[in-house]
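The primary structure of each chain is shown beneath.
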Amino acid sequence: MAPGLSAGATVADYRLLQRRLGTTRCVVVQPSTYGIDNRCLVDALGQLGSAARGVAVVDTDVKDAELRMLTDAGVRAIRVNFVSPQSWGRTTAEMLATLAKRVAPFGWHVQILMTGDQIVTHESVIRSLSTKVVIDHLGRIPQPDGLKHPAFAAVCRMLDEGRAWVKVTEPYEDSKLSPPYADSSEVARAYVQAAPQRILWGTDWPHPTQRGIKPDDALLLDLLADWAPDEKTRRRILVENPAELFGF
């Protein structure tokens, strides 16, 4: 187990979480702490089977043979992290553009983790990428600015263009409030209203950024009923959108 990850984060542990939440499919995302060594990710996908897809981390030197292997294992995207240093150091806009070009022939998309301020800075670069894009963790919109922060409008512009998606995950990360995170929930609700066909949901289990008491995954799922009160919209977010993007 790599530093920074919960020791209780095995496939067996995740199966218990799935039974608690009632989910059957999943997307496993490579954590930054493993760098570009995707062996643990591939092993997890092998154990989870055809109901799982993966998001890998690679650098610009990745070989086509590795990308083919990862595709065969169930990987459908790369994760590009601008928030914290990676194995190569700080990620640049040039690296993001290069990585997108490398994975585009494999039909992958790019999952981007940026702060709200970084999204504003790099909006034109993101919109110019040759792949579909997933904006991670609500776009990391800072509070208490919330909907007034220019990153929210930037993400909505990308959603309107039809090639971007946003994950309504990790509401606790930028919230200034205790559960149910009313400030971040306002942002999530606004995204759902703006583009329900471009919204993805997840738990971010095992919550590697959270020390001490971890968020309640059942509560995080229950929040979706507030963000998307309509059952048809929730089904779109939980079933149809991920099926379209990840090829379930």
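Everything numeric in this text was worked out from a predicted model, so none of it was measured.

Caption draft 1: Representation of the overall build of the protein within the structure. Counting its secondary structure elements, the protein contains ten helices and seven strands. Computed over C-alpha atoms, the radius of gyration of the protein comes to 17 Å, within 12% of the 18 Å expected from 2.2 N^0.38 for 248 residues, which places it in the range of a compact globule. The principal-axis extents of the C-alpha atoms in the protein amount to approximately 45 × 40 × 35 Å. Within the protein, the proportion of its 248 residues that are buried is 49%. Restricting the contact set of the protein to residue pairs at least 6 apart, pairs at least 24 apart contribute 71%. Total accessible area on the protein stands at roughly 11400 Å², and carbon and sulfur atoms take up 52% of it. Side-chain charges in the protein split into 29 positive and 29 negative, and the spacing between the mean points of these groups amounts to 3 Å.

Caption draft 2: Fine view of the side chain of Arg79. Relative to the assigned elements, Arg79 resides in strand β3 (residues 75–81). No salt bridge is formed by the buried Arg79; the nearest opposite charge belongs to Asp136, separated by 4.2 Å. For Arg79, the side chain forms a polar contact with the side chain of Ser32, separated by 2.7 Å.

Reading the values: rules and limits
Each chain has its residues counted from 1, following the order in which its sequence is written. It should be noted that, the model being predicted, local features are given only for residues of pLDDT at least 70 and side-chain atom pairs only at 80 or more, the latter also being counted only at that level, while totals for whole chains, interfaces and linings use all residues. Based on all heavy atoms of the structure, the side-chain values leave hydrogens and waters out of the count. What counts as a helix is a DSSP run of H or I of at least four residues, what counts as a strand is a run of E of at least two, and both are numbered from the N terminus. We take the radius of gyration over the C-alpha atoms and set the globule estimate at 2.2 Å times the residue count to the 0.38 power. Burial classification: accessible surface area is computed with a 1.4 Å probe over protein chains only, and a residue below 20% of its type maximum counts as buried, one above 50% as exposed, and the rest as partly exposed. We call two residues in contact when some of their heavy atoms are within 4.5 Å. Residue exposure ignores everything except the shown protein chains as possible cover, and the areas themselves are Shrake-Rupley values with a 1.4 Å probe. Counting rule for charge: Lys and Arg are taken as positive, Asp and Glu as negative, and neither His nor the chain ends is counted. Here the site of a charge means NZ on Lys, CZ on Arg, CG on Asp, or CD on Glu. Here, a salt bridge means any Lys or Arg side-chain nitrogen found within 4 Å of an Asp or Glu carboxyl oxygen. Pairs of N or O atoms within 3.5 Å make up the polar contacts considered here, provided that, within protein, one atom can donate a hydrogen while the other can accept it, and that residues adjacent in sequence are counted only when both atoms are side-chain atoms.

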